[in-house]
Amino acid sequence: MNEIRVHNTLSGKVEPFVPQRPGEVSIYTCGPTVYDYAHIGNYRTFVFQDILRRFLELRGFKLNHVMNLTDVDDRIIANAAKAGVSIRDYTAKFAQAFFDDCKTLSIEAPEHWIRATDYIDDMVKLIQRLQEKSYTYAGEGSIYYRISKFPEYGKLSKIDVTGIQAGARVDNDRYEKESARDFALWKAPKPGEHFWETPIGPGRPGWHIECSAMAMRILGETIDIHTGGIDLAFPHHENEIAQSEGATGKKFVNYWMHAEHLLVEGEKMSKSLGNFFTLRDLFAKGYKPSALRFALASVPYRRQLNFTFDGLQQAASSVERLRNFSDRLTREKFPEGNAPGMAERIEKAANDFDAALSDDLNTAMALGVAYDLVREANIAMDKGEFRQGDVAAAKDFLASFDRVFAVIADTDAEKLAALGYGAGDGAMTDEDVEKMVAERQDARKRRDWAASDRIRKELAERGIILEDGRDGSVRWKRK
Ligand code: AMP
Ligand code: ZN
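What counts and how
- Residues numbered from 1 in each chain as written.
- Chains lettered and ligands numbered in written order.
- Predicted model: local features only at pLDDT ≥ 70, side-chain atom pairs only at ≥ 80, totals over all residues.
- Heavy atoms only, no water.
- Buried < 20%, exposed > 50% of the residue type's maximum accessible area, 1.4 Å probe, protein only.
- Helix = DSSP H or I, 4+ residues; strand = E, 2+ residues; numbered from the N terminus.
- Pairing = 2+ DSSP bridges.
- Right-handed = clockwise from strand over helix to strand, strands pointing away.
- Donors = N, O, S within 2.8 Å, 3.2 Å for Na, K, Ca; no water.
- Arc of directions from axis to C-beta.
- Contact = heavy atoms within 4.5 Å.
- Near = heavy atom within 4 Å.
- Polar contact = N/O pair within 3.5 Å; in protein donor to acceptor, adjacent residues only side chain to side chain.
- Areas by Shrake-Rupley, 256 points an atom, 1.4 Å probe, with all protein chains shown as cover.
- Axes fitted to C-alpha atoms, helices over the stretch in contact; angles between N-to-C directions.

Chemist: Before we go on, may I ask you to explain the pairing of strand E3 (residues 24-29) in this structure?
Modeler: If a strand is regular, its side chains alternate between the two faces of the sheet. When you tally the buried positions in E3, you get 5 out of 6 residues, the bulk of the element. Inspection of the sheet shows E3 paired to strand E4 (residues 62-69) by 6 bridges, in the parallel sense. In the strand pairing of E4, serine 26 is matched with asparagine 64. Taken together, E3, helix H1 (residues 40-58) and E4 form a β-α-β motif whose crossover is right-handed. With 3 bridges joining them, E3 and strand E11 (residues 223-229) adopt parallel strand pairing. When the sheet's bridge partners are listed, tyrosine 28 is paired in E11 with histidine 226.

Chemist: Where do I start with the coordination of the zinc ion (ligand 2) in this structure?
Modeler: When a metal holds four donors in a tetrahedron, each ideal angle between them is 109.5 degrees; when it holds six in an octahedron, the ideal angles are 90 or 180 degrees. Summarising the metal site, the zinc ion (ligand 2) is bound by the protein donors Cys30 (SG), Cys211 (SG) and His236 (NE2), whose distances to it range over 2.0 to 2.1 Å. Along the chain, the residues donating to the zinc ion (ligand 2) fall in the pattern C-x180-C-x24-H. A residue pair is termed long-range when its members are at least 10 positions apart, and cysteine 30 in the loop between E3 and H1 and cysteine 211 in helix H5 (residues 207-219) qualify at 181 residues.

Chemist: Explain helix H2 (residues 74-83) here, please?
Modeler: Spacing of three or four residues puts side chains on the same side of an α-helix, whose turn is 3.6 residues. Among the residues of H2, Ile76, Ile77 and Ala80 are the ones counted as buried. Along the axis of H2, the buried positions cluster into a sector of 100°, meaning they face one direction only. Buried residues along H2 sit against helix H3 (87-104) and strand E10 (204-205). Of the residues one or two after H2, glycine 84 is the one with positive phi, at around 65°.

Chemist: Even after reading the chapter, I still don't get the site of ligand 1, so can you show me in this structure?
Modeler: Taken together, the neighbourhood of ligand 1 is formed by 17 residues, with Thr33, Thr45, Asp231, Leu262 and Met269 sitting nearest. Threonine 33 places a polar main-chain atom, nitrogen or oxygen, 2.9 Å from an oxygen atom of ligand 1. Interatomic distance of 3.0 Å between a side-chain N/O atom of asparagine 42 and an oxygen atom of ligand 1. Contact with the protein chains covers 94% of the free accessible surface of ligand 1, which is 500 Å². Elements represented by at least two residues in the shell around ligand 1 include exactly H1 and E11.

Chemist: Before we go on, may I ask you to explain the sheet that holds strand E12 (residues 253-259) in this structure?
Modeler: In any sheet, the strands associate via hydrogen bonds between backbone groups, in a parallel or an antiparallel arrangement. In spatial order, the strands read E5-E4-E3-E11-E12; together these 5 strands make up an open sheet with parallel pairing. Pairing within the sheet leaves two strands with one partner each, and these edge strands are strand E5 (112-115) and E12. Put simply, the sheet's adjacent strands are angled 20° from each other on average, direction ignored.

Chemist: What's the story with the pairing of E11 in this structure? I'm lost.
Modeler: In terms of burial, E11 is a largely internal element, 7 of the 7 residues being buried. Here E11 runs beside E12; their pairing, made up of 6 bridges, is parallel. Across the sheet, the residue bridging to glycine 228 is histidine 258, located in E12. Note that the unit made of E11, helix H6 (residues 233-248) and E12 has a crossover that is right-handed.

As structure tokens, this is what we get:
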């Protein structure tokens, strides 16, 4: 087995991964802020941490993984107040949607799913520890963290804090590097908004203190791995370090791992830009959960991922190819014995697969290893050169592959049905069909026959028949 190496944002380097206790790994993942439905950009990050945890499990580590739901933050408090409902009532449906989405994307449940609102006491206690050590000051009922008291501030995101004015503060939880300031640990209540009565006064926690308190409460003062999207490195994770290390004097996290963004036409997919898709948007268009998971996992996490429908269709065909190969291994009867060199070939693939993922989770390379093996084994099967004696090893390889990628076992139909989409019932609107037909026309113009065929096939699977006119026009009808 290969040495596992991961990129650590703190050092800016790829380092050998050594957990504090041999065989065990503690992981903290910043979960979603449940003020709305999550989009597929968010799931890029959650699929990354799922690949990480599944790979570590495959390598035999015992995991202690915490993911939180941020169910108190500026936006939730404001939206709940506007709707005149409690925080729990406001966030319930988004939290449930998140759990459903994770299941649909085969994102394994972490050992601990927790909610910020269940840990207010721990947050208050952590703030008190910081107060005792003079890391805080009060202002208009709120409590702020004094970053000038923590000389290492900036070590994760590498921001230069020399020009920052001591005592200048920011109340928003989400702010840019240019506005780095003392940040709120505890926020004074505003009229009409929910607050907690606590020994440090009435109010509610800032977003950053939530994760520090929850992570240390469950995983201890030093954690092996902390994950999130790259936008969380500053200010969220920088502030988590300042809070946790300020309070304990110990290193908070050994390995910080951040996923790059999912982009749409060169821009980060985000709610505020309005350029987002939810899972449900894609399922309504007929795409399958496995295709989306594959598309999100296929680009290594430290590379930006440009989302396109063409990419999603290619992912669907890749999954299909893997599934077909797996079916062949099960259904076909091969001649007895072993094909010369095949056992070694499969063993090499297994080792290369492990080497790729050990190398900072190089998923693209790991997939390449699987494709190569599948292609060669398919050719051998077509020529009658694959033998029954090699089936078990090939199946083992696919099983290890699927413990990480989780796309070969075909559970799409049941997952879609659970979300209320009839499997393959062609529930496409006319508008959706028109869009795909236009995409196909574009592909034909580019003479990209593979893409054009893929779209035709996909439409056919969803009950839409295309009739190409001689003049290049196209008509469609439902079956
Ligand atoms: P939030 O609910 O905003 O706290 O985000 C949940 C997770 O999704 C965080 O780890 C973010 O960094 C991550 N995230 C947000 N937008 C994107 C994106 N476009 N691509 C990848 N990850 C994202
Ligand atoms: Zn967090």
